[in-house]
Amino acid sequence: MRPGDPSLSPQALAAEEQARVSERVQGFVDDRRARDRVETGRIHPYFSKLRAKLERQMDEPPLFDMPSLPRQLLYSWADKARQFGATGSPGAVPPSRAAPKPGELLAQRARNNPEFDRLRTLSQAGDELQSFAQGVSTLKLVVTLELLQGPDGTLREVKLVSRSGNPAYDDYVLQSVPAALAKTPPPPDDAMGVHPDGIRTLWAVEGRVVYVRKLRDMKGTDTAYLAAAAAVGVLAGGFEETTGEVYVIDVRNPHFECRSRLLRVY
């Protein structure tokens, strides 16, 4: 330190502090704008194609030593109890903001007609079983990534922003991204989020165990299981309108599923 050093003057220190605060505030503004672009749907279809490529690359992941079926059921029950305590509903959103399920509609009628009680109980049990089988209420692994691309879409860098707690899953996701975006076509120059210095996006990759299976994949040896499941009333499933696929619950063959979610477009 030297007496009279101009870098230590009050004016210089104030200017340095102003620059530091301005940079931080601008970062908050940019992050909010990047989030609003996604939440309001003001993003180019190019980013939807990126999401599809990521999920296609991670189509058949391993189970990553996930908990067994009994532990998943216990976790699901605890999660429902936590949500009920926080919102008054076992669902993820308050009942006033969520579309009522068949079991909830029957519950409304059952208040004035006790004959609906048994049907309501079965319907609500089916709703919860379907939610569990599709991985909505099971234990999840979530890793957050920041992707840096060139203006032509070429992947430059993948940054790990937050870990899932499972190193094997984190490594799998990190290794899948370069292969998924290896042959990505260039985005339009006028697409929002595409800048002369490149593209910066933030993604969450969620992995979970699901217990549903395509009906067409069931073989002759599965006939006894289907009959037993139908007999006890647990043969719930779903129908995919876009593909025409019929899904049924199969707790004997759990498999892992990865879903990508775009969080920010800077």
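Our structure is the block above this text.
All figures in this text were calculated on a predicted structure; none of them were measured in a lab.

Visitor: Describe the pattern of salt bridges, with residues and values.
Guide: Following the criterion strictly, the structure yields 11 salt bridges and no others. E39 serves as the salt-bridge partner of R35, at 3.9 Å between the closest nitrogen and oxygen. Within this pair, R35 and its partner E39 are both found in helix α1 (residues 10-39), separated by four residues, close to a single helical turn. The salt bridge partner of E206 is R208, with a shortest N-O separation of 3.6 Å. Each of R51, E55, E206, R208, E257 and R259 takes part in a single network of salt bridges with overlapping partners.

Visitor: Mind laying out α1, listing which residues take part and the relevant values?
Guide: Along its 30 residues, α1 runs 43 Å from first to last C-alpha, staying within 8% of the 44 Å computed at 1.5 Å per residue. Where α1 is concerned, the buried positions are A34, R37 and V38. Buried residues belonging to α1 abut β7 (255-265). Looking one or two places after α1, you find G41, whose phi comes out positive at around 75 degrees.

Visitor: Tell me what's going on with the side chain of E55, and back it up with residues and numbers.
Guide: Relative to the helices and strands, E55 resides in helix α2 (residues 45-57). With a relative accessible area of 15%, E55 lands in the buried category. Apart from residues lying up to four places away in sequence, E55 is in contact with C258, R259 and S260.

Definitions and cut-offs
- Residues numbered from 1 in each chain as written.
- Predicted model: local features only at pLDDT ≥ 70, side-chain atom pairs only at ≥ 80, totals over all residues.
- Heavy atoms only, no water.
- Salt bridge = Lys/Arg side-chain N within 4 Å of Asp/Glu carboxyl O.
- Helix = DSSP H or I, 4+ residues; strand = E, 2+ residues; numbered from the N terminus.
- Expected span 1.5 Å × (residues − 1).
- Buried < 20%, exposed > 50% of the residue type's maximum accessible area, 1.4 Å probe, protein only.
- Contact = heavy atoms within 4.5 Å.

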